[in-house]
Amino acid sequence: FRNMVSSLIEHERIVTTLPKAKELRRVADQMITLAKGQDLHSRRRAAEVVRGPWNLTKLFDVLGPRYQLREGGYTRVMKLAKNRAGDNAPMAVIEYVDRPGEI
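Quick look at the structure, then. (Residues numbered from 1 in each chain as written. Predicted model: local features only at pLDDT ≥ 70, side-chain atom pairs only at ≥ 80, totals over all residues. Heavy atoms only, no water.)

## A look at the sheet that holds strand 2 (residues 75–79)
Across the sheet, three strands lie side by side as 1-3-2; this open sheet has antiparallel pairing. A strand with exactly one partner marks an edge of an open sheet, and here the two such strands are strand 1 (13–17) and strand 2. Taken over all neighbouring pairs, the strand axes of this sheet differ in orientation by 25 degrees on average, direction set aside. Across five bridges, the pairing between strand 2 and strand 3 (residues 91–96) is antiparallel. Bridge pairing links V77 to I94 in strand 3. (Pairing = 2+ DSSP bridges. Helix = DSSP H or I, 4+ residues; strand = E, 2+ residues; numbered from the N terminus. Axes fitted to C-alpha atoms, helices over the stretch in contact; angles between N-to-C directions.)

See below:
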């Protein structure tokens, strides 16, 4: 899930299958909890999972401070109405809550 959590940090919203989204929520929430720590040990632990230094910078400089007062539940999984065309897999959108530009 390293690639998926890195994509979620970069885009803050991705479309994937429902089981993958539910499993990704756990890892993404752990990364935000580490980013709230703002110490070197937390940064190094997050660097083991997150790919790309730009994603690590965004995680600690943008997302960590954004959720500083929130106790948990940083992501939202919404099931899409249509299944995937090829194999009829249930699709979902996973996104961070309280994003700028969100309704």
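## Concerning the packing of helix 3 (residues 40–47) against helix 4 (residues 53–66)
At a minimum axis separation of 10 Å, helix 3 and helix 4 run at an interaxial angle of 140 degrees. Regarding the angle of helix 3 to helix 4, the classification is oblique. Every pair of crossing elements has a handedness; the one defined by helix 3 and helix 4 is right-handed. On the side of helix 3, the interface is formed by S42, R43, A46 and A47, while helix 4 contributes L56, L59, F60 and D61. Its residues assigned to classes, the contact of helix 3 with helix 4 comprises five nonpolar, one polar and two charged. (Parallel < 35°, antiparallel > 145°, perpendicular 65-115°, else oblique. Left-handed = near helix turned anticlockwise from the far one by under 90°. Contact = heavy atoms within 4.5 Å. Nonpolar A, V, L, I, M, F, W, Y, C, P; charged D, E, K, R; others polar.)

## Some remarks on the packing of helix 2 (residues 18–37) against helix 4
One way to put it is that helix 2 packs onto helix 4 with a least axis distance of 8 Å and a crossing angle of 95 degrees. Between helix 2 and helix 4, the angle is such that the two are roughly perpendicular. Between helix 2, through M31, I32, L34, A35 and K36, and helix 4, the contact on the second element is made entirely by L59, F60, L63 and G64. Its residues assigned to classes, the contact of helix 2 with helix 4 shows seven nonpolar, one polar and one charged.

## Structural notes on unusual backbone geometry
In this structure, Q38 takes a positive phi of about 60 degrees despite not being glycine. Mapped onto the fold, Q38 is located in the loop between helix 2 and helix 3. Non-glycine residue N88 carries a positive phi angle of around 60 degrees. Of the residues examined, N88 reaches a relative accessible area of 53% and is grouped as exposed. (Buried < 20%, exposed > 50% of the residue type's maximum accessible area, 1.4 Å probe, protein only.)

## Some details on the nonpolar core
By size, the foremost hydrophobic cluster in this structure holds 26 residues, and its most contacted members are L59 and Y96. When residues of this core are traced back to their parent elements, those giving at least two are helix 1 (2–11), helix 2, helix 4 and strand 3. Top contributing element to this core by residue count: helix 2, with nine residues. With residues near it in sequence (within four places) discarded, L59 still touches I9, M31, I32, A35, A46, V50 and G64. (Core = buried A, V, L, I, M, F, W, Y, C linked by side-chain atoms within 4.5 Å.)

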